[in-house]
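Notes for the structure review
The chain contents come next:
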Amino acid sequence: MIGVLTALIVLVLSFASKHVGGSATMFSGGRLHVAVAVGWLVCAGLLSLVVTRHLHMVADIDEGSWLAVGYDALPFLLLAAWIVMVAAAVTGHWLLAALCAALA
């Protein structure tokens, strides 16, 4: 579930960022920017973990051991959002920085 959510979030955000602001997209100039793509993947993974955590609180979802570890480590994993937020703000990727700020 987390893998599917992460893939969907990355695709939706990358296409939305291309139309909202060209500075936020990882597909500018016809080539892939690896650092920006990694930032989007980190944020999408964290966002999908947060969403599934909230779904787990509301509905009865069977969680595996790795997902339970992810839920327990979520406060520490969300520290990655701060790192990506600072890097995105320094490089001018404002949409990515805003998403990371919301996660942080």
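Residues numbered from 1 in each chain as written. Predicted model: local features only at pLDDT ≥ 70, side-chain atom pairs only at ≥ 80, totals over all residues. Heavy atoms only, no water.

With that settled, consider the overall build of the protein. Regarding its fold elements, the protein presents six helices and zero strands. Counting helices and strands in the order they occur from the N terminus, the protein gives α-α-α-α-α-α. Looking at the 104 residues of the protein, the share that counts as buried comes to 34%. Accessible area of the protein: about 6200 Å², with a carbon and sulfur share of 75%. (Helix = DSSP H or I, 4+ residues; strand = E, 2+ residues; numbered from the N terminus. Buried < 20%, exposed > 50% of the residue type's maximum accessible area, 1.4 Å probe, protein only. Areas by Shrake-Rupley, 256 points an atom, 1.4 Å probe, with all protein chains shown as cover.)

As a further point, take the packing of aromatic side chains. Evaluation of the coordinates by the stated rule reveals zero aromatic pairs. In this structure, R53 is placed above the aromatic ring of Y71, and the distance from its NZ or CZ to the ring centre is 5.0 Å. (Phe/Tyr/Trp six-rings, centres within 6.5 Å; stacked < 30°, edge-to-face > 60°. Lys NZ or Arg CZ within 6 Å of the ring centre and 35° of its normal.)

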